[in-house]
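# A structural walkthrough
One-letter residues, chain by chain:
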Amino acid sequence: MPKTFLSDKRFITCHSAGKEKKLLTLSREVDQVNRTTIVEPQETKRIIIRDFFALIEKVPNKDDQASIQTFLRYLQSLLRIKQVVPPVVEIMTVIKQNKPLLYHAARRITLPSSNLHMLFQLEMDIMLAHERLRQYDK
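Because the structure is a prediction, the values reported are computed rather than measured.

### Brief notes about the nonpolar core
Judged by nonpolar contacts, the single largest core of 31 residues is most densely connected at Phe52, Phe71, Tyr74, Leu75, Ile91, Met92 and Phe120. If you list the elements that add at least two residues to this core, you get α2 (41–58), α3 (65–80), α4 (88–98), α5 (100–109) and α6 (126–136). Per-element tally for this core: the top contributor is α3, with 6 residues. With near-sequence residues (within four places) excluded, Phe120 lies in contact with Phe71, Leu72, Leu75, Met92, Tyr103, Ala106, Arg107 and Thr110.

### Details of the pattern of salt bridges
Applying the stated criterion across every chain yields a total of 3 salt bridges. A salt bridge links Lys96 to Glu123; the shortest N-O distance between them is 3.2 Å. Of this pair, Lys96 sits in helix α4 while Glu123 sits in the loop between α5 and α6, and the two are 27 residues apart along the sequence.

### Some thoughts on α3
Count 3.6 residues to each turn of an α-helix, and residues three or four apart come out pointing the same way. The end-to-end C-alpha distance of α3 is 23 Å, a good match for the 22 Å that 16 residues give at a rise of 1.5 Å each. For α3, the set of buried residues is Ser67, Ile68, Thr70, Phe71, Leu72, Tyr74, Leu75, Ser77 and Leu78.

### Some words on the side chain of Ser67
In this fold, Ser67 is placed in helix α3. Its relative accessible area of 4% is what places Ser67 among the buried residues. A polar side-chain atom of Ser67 sits 2.7 Å from a polar atom in the side chain of Asp64. Dropping the residues within four chain positions of it, Ser67 is found in contact with Val59, Pro60, Lys62 and Leu102.

About the criteria used
Residues numbered from 1 in each chain as written. Predicted model: local features only at pLDDT ≥ 70, side-chain atom pairs only at ≥ 80, totals over all residues. Heavy atoms only, no water. Core = buried A, V, L, I, M, F, W, Y, C linked by side-chain atoms within 4.5 Å. Buried < 20%, exposed > 50% of the residue type's maximum accessible area, 1.4 Å probe, protein only. Helix = DSSP H or I, 4+ residues; strand = E, 2+ residues; numbered from the N terminus. Contact = heavy atoms within 4.5 Å. Salt bridge = Lys/Arg side-chain N within 4 Å of Asp/Glu carboxyl O. Expected span 1.5 Å × (residues − 1). Polar contact = N/O pair within 3.5 Å; in protein donor to acceptor, adjacent residues only side chain to side chain.

From the geometry alone we can't say anything about function, so treat these as descriptive.
In structure tokens:
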């Protein structure tokens, strides 16, 4: 019997072989970024930047699995945003500068065939990155 998935806010209900299970969806960070599809583009940019700085404060500069997965889920959520072009180059530059252990650990486990691999090839001047991120948050 095929599995049926029904979305219920932050849970997925899985019906399989007469049993029902609730599974947590992706992290809160992904939910936060995906909510931007219903607001104005300028507000979407503000939400992206605020969520990014919240991530910077929350995730430690460590190479442990939980930190890496949180960071990679955040990057995946950025790639899914369709309403505006997120400042990915600026974000990657700031992460590389502020959280070097996390950045390099995540880069090492990202496969070359992954859609995230290209993000780790991006870099720009750190001062310009900060300036552009401030412009998004106006």
